[in-house]
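Next come the chains, spelled out residue by residue.
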There are 2 protein chains.
Amino acid sequence: MNTLLLTPADLSPSAAPGLRRACVGGRRADHLRRELGIAPGSRIRVGLLGEGLGRGEVTSVDDDRVGVAFAVTEPPPAKLPLTLVVGLPRPKVARRLLIDAVAAGIDRIVLVGTWRTPKSYWQSPLLQPRRIDEHVLQGLGFGGDCIAPRVELRPRFKPFAEDELPRLAREATAVLATPEADTDLRPAPPGPVVLCIGPDRGFTGYEQELLRAAGCQPATLGPRTLRVHAAVHVAIGRLFREATPAPHALRVI
Amino acid sequence: MNTLLLTPADLSPSAAPGLRRACVGGRRADHLRRELGIAPGSRIRVGLLGEGLGRGEVTSVDDDRVGVAFAVTEPPPAKLPLTLVVGLPRPKVARRLLIDAVAAGIDRIVLVGTWRTPKSYWQSPLLQPRRIDEHVLQGLGFGGDCIAPRVELRPRFKPFAEDELPRLAREATAVLATPEADTDLRPAPPGPVVLCIGPDRGFTGYEQELLRAAGCQPATLGPRTLRVHAAVHVAIGRLFREATPAPHALRVI
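To start, this report covers the structure provided alongside it. Residue positions are given per chain, counting from 1 as you read along its sequence in written order. Just so you know, chain letters begin at A and ligand numbers begin at 1, following the order they were written in. A pLDDT threshold of at least 70 governs which residues receive local features in this predicted model, and a stricter bar of 80 or more applies before side-chain atom pairs are shown or counted, although totals over entire chains, interfaces and linings include all residues. The basis for every side-chain value is the complete set of heavy atoms in the structure, and neither hydrogens nor water enter the calculation.

**Some points on the environment of Arg116 of chain A**
Residues and elements named next belong to chain A. With respect to the element layout, Arg116 can be found in the loop between strand S8 (106–112) and helix H3 (129–143). Between the alpha carbons of Arg116 and Leu5 there is a distance of 35 Å; along the sequence they are 111 residues apart. The contact criterion used throughout is that any non-hydrogen atoms of two residues lie within 4.5 Å. Setting aside residues no more than four positions away along its own chain, Arg116 makes contact with Pro199, Asp200, Arg201, Gly202, Phe203 and Thr204. Throughout this description, a polar contact denotes any pair of N or O atoms lying within 3.5 Å of each other; where both atoms belong to protein, one of them has to be capable of donating a hydrogen while the other can accept it, and for residues adjacent in sequence the pair is counted only when both atoms sit in side chains. Within polar-contact distance, the side chain of Arg116 engages the backbone oxygen of Gly202 at 3.1 Å. Numbered from the N terminus, helices here are DSSP runs of H or I no shorter than four residues, and strands are runs of E no shorter than two.

**Overview of the packing of helix H4 (residues 157–170) of chain B against helix H5 (residues 205–213) of chain B**
Residue and element names in this part refer to chain B. Working convention: axes come from line fits to C-alpha atoms, limited for helices to the stretch in contact. Angles between N-to-C directions cover 0 to 180 degrees. Direction vectors running N to C along H4 and H5 enclose 15 degrees, while the axes themselves pass 9 Å from each other. Judged by the inter-axis angle, H4 sits roughly parallel to H5. Note on packing geometry: the crossing formed by H4 with H5 is left-handed. In this structure, H4 contributes Phe157, Lys158, Ala161, Glu162 and Leu165 to the contact, and H5 contributes Tyr206, Glu207, Leu210 and Leu211. In this classification, Asp, Glu, Lys and Arg are treated as charged, Ala, Val, Leu, Ile, Met, Phe, Trp, Tyr, Cys and Pro as nonpolar, and every other residue, Gly included, as polar. Classifying every residue of the contact of H4 with H5 by side-chain character gives six nonpolar, no polar and three charged. Small angles under 35 degrees read as roughly parallel and large ones over 145 as roughly antiparallel, with 65 to 115 read as roughly perpendicular and the rest as oblique. Should the near helix be turned counterclockwise from the far one by less than a right angle, the crossing is left-handed, whereas a clockwise turn marks it as right-handed.

**Notes on the relation of the copies chain B and chain A**
Its rotation angle being 180 degrees, the transformation that places chain B on chain A also includes 0.0 Å of axial translation and leaves an RMSD of 0.0 Å. Expressed as a symmetry operation, the mapping of one chain copy onto the other fits a two-fold axis. Looking at the rotation axis and the C-alpha trace of chain B, the residue lying nearest is Gly237 of chain B, at 2.1 Å. Taken together, the interface assignments show that 98% of the residues at the interface of chain B recur at the interface of chain A, consistent with an identical surface on both copies. What sets the superposition is a least-squares fit of C-alpha atoms, and only residues with pLDDT of at least 70 in both copies go into it.

**Comments concerning the interface of chain B and chain A**
Contacts between the two partners involve 44 residues from chain B, matched on the other side by 43 residues from chain A. Accessible area that two parts lose when put together, evaluated with a 1.4 Å probe and summed over both, is termed the buried area. Roughly 3,600 Å² of surface becomes buried between chain B and chain A when both sides are summed, with 49% attributable to carbon and sulfur atoms. Salt bridges are defined by distance alone: a side-chain nitrogen of Lys or Arg within 4 Å of a carboxyl oxygen of Asp or Glu. Linking chain B with chain A are four salt bridges, by the criterion used here. We note a salt bridge from Asp145 of chain A to Arg224 of chain B, for which the minimum N-O separation is 3.1 Å. Linking chain B with chain A are twelve residue pairs in polar contact (both at pLDDT 80 or more).

**A few points about the pairing of strand S4 (residues 43–48) of chain A**
Residue and element names in this part refer to chain A. Relative to S4, strand S1 (residues 4–6) is paired through three bridges, and the arrangement is parallel. By the bridge assignment for S4, Leu5 is matched with Gly47. For two strands to count as paired, DSSP must find a minimum of two bridges between them. Where S4 lies against strand S5 (residues 52–61), six bridges are found, and the strand directions are antiparallel. When the sheet's bridge partners are listed, Gly47 is paired in S5 with Leu53. What sits between the antiparallel neighbours S4 and S5 is a turn of three residues, in which Gly50 has the positive phi angle 85 degrees.

Pasting the structure below:
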């Protein structure tokens, strides 16, 4: 965790104008105390979900709660204009993928069912809405962001590929990453991008046909087969050459 | 597993010239039987460690062994000319990172100790030489490769950065990925590349100084902080724009 991500539910009443107060427990308090070794007076980076980023100071530490005072002083980093359509991997991998994809700034993540996705994966506790929200919050904290991306589950591939994807692809640079393509995945021109990546062992031929019919152009990441999590991140590196953002003026409170 | 990776120890005597035989058990046999559902007569892709790739046919399947006949017909894909110097992450993450870094074709992987690497990590069973060999073989199988990269453990940061790294960096495009850099990580020119990536929470300022003194230029992957595994793969995507390789002429046996 690089940024302590707060949600509106963590806020406490505060008297001072501009200065806000919050109190966190659980995983976040543990991490602050044990791994970052914070104490009253420690300065930390803070994000408030849906609002912005800023600096905070730890005001209290006890067994299971950490209190902070903070001010929101800057906007979050811009999202990558990317919709990731990815074949649902094993639930534990899906969790890691969600956390890292959110940290990387992906704007919209669609987990789709495929021929090679066992149906049982969808029943995993790790994919319950409450758990998905947790993965998203963890990813935002790692990445230093505070705007939650859209995460959508589409267990049925065909209705998604035929009814939803064409509209997304029409307004975007839409690519299907597959080792069988003749052309390399190249940097995307400015504007929205849709990236489709199969589950481990890939989309079937029929699924690839549906994705192509929906407007996605095949492109390859190279001659080597990568596992889903690695493939997503290599593809992000290829597609986006983001300019170094202007440094934010940090107002230390 | 996309390619059944065989080692010389798996080979059985074979009478037919050009045709070789092997027998595998354990994890590989399980995977072939349960996940790929192979049966006698199934065709599979095969790699022979240190030699090359080819096609094989399953000749026998019993409870815990799978026999194949195969021929080596093509060279492995070229490695990325990359030496990855990475702060040792948690052992379970290190295992995943090794597997995926090998699958991606990294030529040399140096796991280094850093200020933020707990010393206990080096004692993990997952980092014993025999286990590292297993991770490498798994990565080669996923990536469709058969040439093992060098994997080196350097628990002591300073001797590595001062005595070994300058020589590596002198002959290469050498970069230090850090969110604090002013310039973006760009595609590497042809030739060897050295990429240094810190552990989670990054290299310390002093470590970064040593890396810069060794010849590594700071560059950023963007305003967001990524976890080690994700950062390595985004960086690979940025650095290497490999041309689509000429399709290999596959001789089906």
